[in-house]
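Chains, contacts and geometry: an overview
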Amino acid sequence: MSGLQLVSGLSAIEKSFGIKLGHVSGGEVGRKVEEYGQFDKSIRVEAASMSELYEVFYCLENSIRKLISDVMFDADGAGWWDGDRVDAKRIREPAAARRKKEVDSGITPRSDRLIEYTTFGELSQLITDNWELFDPIFSSKSAVSNISNQLNLLRGPIAHCNPTDDIEHERLNLAVRSWFRIMS
């Protein structure tokens, strides 16, 4: 038991001071932030705290993309993206423009699938525009819109590298829990 207390105490010290004492083997393999000592320590500690929120959004947004892709594929087959279910002006064309911008900039495109270039708001729009397909999955179209709007507002500071306080962290946790609660 005293070994667990020591590990817990050392972990608390590491978190408080933003340092690694090396008491746990493995850990964050490949983490490059330690190589950037020129950044102010308070900013690195803040970034580590915010990274958890980014991780939540990464998982949520990509799970929503997968859900949409799976439902649309089941309804319309492999060509669903080019069909009538995806509004050309509001979703398909902006996603294609984002991909073209990536290609033209010379960076490696993130995907060949244009759904990977949709914004969080566009994902919500795909669900509500095709409500007849998503009605069996969600309890309410209005709830999808309301919770998506709340999540999109919370996403802004996280995606644009701004700190949020503990209340917003909890608000994000509640909104994500609400998202999964409205799924039937």
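Structural notes, computed from the coordinates. (Residues numbered from 1 in each chain as written. Predicted model: local features only at pLDDT ≥ 70, side-chain atom pairs only at ≥ 80, totals over all residues. Heavy atoms only, no water.)

1. Structural notes on the environment of Ile127
Following the sequence through the fold, Ile127 ends up in helix 4 (residues 120-129). When its relative accessible area of 0% is taken as the criterion, Ile127 is described as buried. Remark: the alpha-carbon pair of Ile127 and Val71, spanning 56 residues in sequence, is separated by 9.7 Å. (Helix = DSSP H or I, 4+ residues; strand = E, 2+ residues; numbered from the N terminus. Buried < 20%, exposed > 50% of the residue type's maximum accessible area, 1.4 Å probe, protein only.)

2. A word on the pattern of salt bridges
In this structure the tally under the stated criterion is 14 salt bridges. Between Asp112 and Arg99 there is a salt bridge, and its shortest N-O distance comes to 2.9 Å. Of this pair, Asp112 sits in the loop between helix 3 (88-105) and helix 4 while Arg99 sits in helix 3; the two residues are 13 residues apart in sequence, bridging distant segments of the chain. Through salt bridges with shared partners, one network takes in Glu61, Arg65 and Arg155. (Salt bridge = Lys/Arg side-chain N within 4 Å of Asp/Glu carboxyl O.)

3. Describing the packing of aromatic side chains
Following the criterion strictly, the structure yields 5 aromatic pairs and no others. When the ring of Phe57 is compared with that of Phe120, the centres are 5.7 Å apart and the planes differ by 75°; the resulting orientation is edge-to-face. One end of the pair, Phe57, is in helix 2 (residues 41-76); the other, Phe120, is in helix 4, with 63 residues separating them in the sequence. The exposure class assigned to Phe120 is buried, which follows from its relative accessible area of 3%. Members of the aromatic cluster, joined through ring pairs, are Trp131, Phe138 and Trp179. (Phe/Tyr/Trp six-rings, centres within 6.5 Å; stacked < 30°, edge-to-face > 60°.)

4. What about the environment of Leu123?
Within the element layout of this structure, Leu123 appears in helix 4. C-alpha of Leu123 to C-alpha of Arg65: the two residues are 58 residues apart in sequence and 7.0 Å apart in space. Those residues in contact with Leu123 that lie beyond four places of it in its chain are Glu61, Ile64, Arg65, Ile68, Ile115 and Thr118. (Contact = heavy atoms within 4.5 Å.)

5. Concerning a nonpolar patch on the surface
Together, Ile13, Phe17, Ile19 and Leu21 line one region of the surface with nonpolar side chains, adding up to about 340 Å² of accessible area. For Leu21, the position within the fold is in the loop between helix 1 (2-17) and helix 2. (Patch = residues over 30% accessible without salt bridge, like charges linked within 9 Å, V, L, I, M, F, W, Y side chains within 5 Å. Areas by Shrake-Rupley, 256 points an atom, 1.4 Å probe, with all protein chains shown as cover.)

6. Overview of the nonpolar core
Ile68, Ile127, Phe134, Phe138, Leu151 and Trp179 are the most contacted members of the largest nonpolar core, which totals 35 residues. Elements represented by at least two residues in this core include exactly helix 2, helix 3, helix 4, helix 5 (131-134), helix 6 (141-159) and helix 7 (166-181). Per-element accounting of this core gives the leading share, 9 residues, to helix 2. Apart from the residues within four sequence positions on either side, Ile127 is in contact with Ile64, Ile68, Phe134, Phe138, Val144 and Trp179. (Core = buried A, V, L, I, M, F, W, Y, C linked by side-chain atoms within 4.5 Å.)

7. Points about the packing of helix 6 against helix 7
Closest axis-to-axis distance for the helix 6/helix 7 pair is 10 Å, and the angle between their directions is 145°. With respect to the hand of their crossing, helix 6 and helix 7 are arranged in left-handed fashion. Only Glu168, Arg171, Leu172, Ala175, Val176, Ser178 and Trp179 of helix 7 make contact with helix 6, whose side of the interface consists of Val144, Ile147, Ser148, Gln150, Leu151, Leu154 and Ile158. For the contact of helix 6 with helix 7, a count of residues per class yields 9 nonpolar, 3 polar and 2 charged. (Axes fitted to C-alpha atoms, helices over the stretch in contact; angles between N-to-C directions. Left-handed = near helix turned anticlockwise from the far one by under 90°. Nonpolar A, V, L, I, M, F, W, Y, C, P; charged D, E, K, R; others polar.)

8. Topic: helix 3
Residues that lie three or four places apart on an α-helix share one face, since the helix turns once every 3.6 residues. Between its terminal C-alpha atoms helix 3 stretches 24 Å, which fits the 26 Å expected from 18 residues at 1.5 Å a residue. Regarding helix 3, the residues found buried are Ile91, Arg92, Ala95 and Glu102. Turning to helix 3, the residues buried within the fold contact helix 4. A side-chain oxygen of the first residue of helix 3 lies 3.2 Å from the backbone nitrogen of Lys89; this N-cap is Asp87. Directly after helix 3, the chain includes Gly106, whose backbone phi takes a positive value near 90°. (Expected span 1.5 Å × (residues − 1). Polar contact = N/O pair within 3.5 Å; in protein donor to acceptor, adjacent residues only side chain to side chain.)

Remember that the coordinates give geometry; whether it matters functionally is a separate question.
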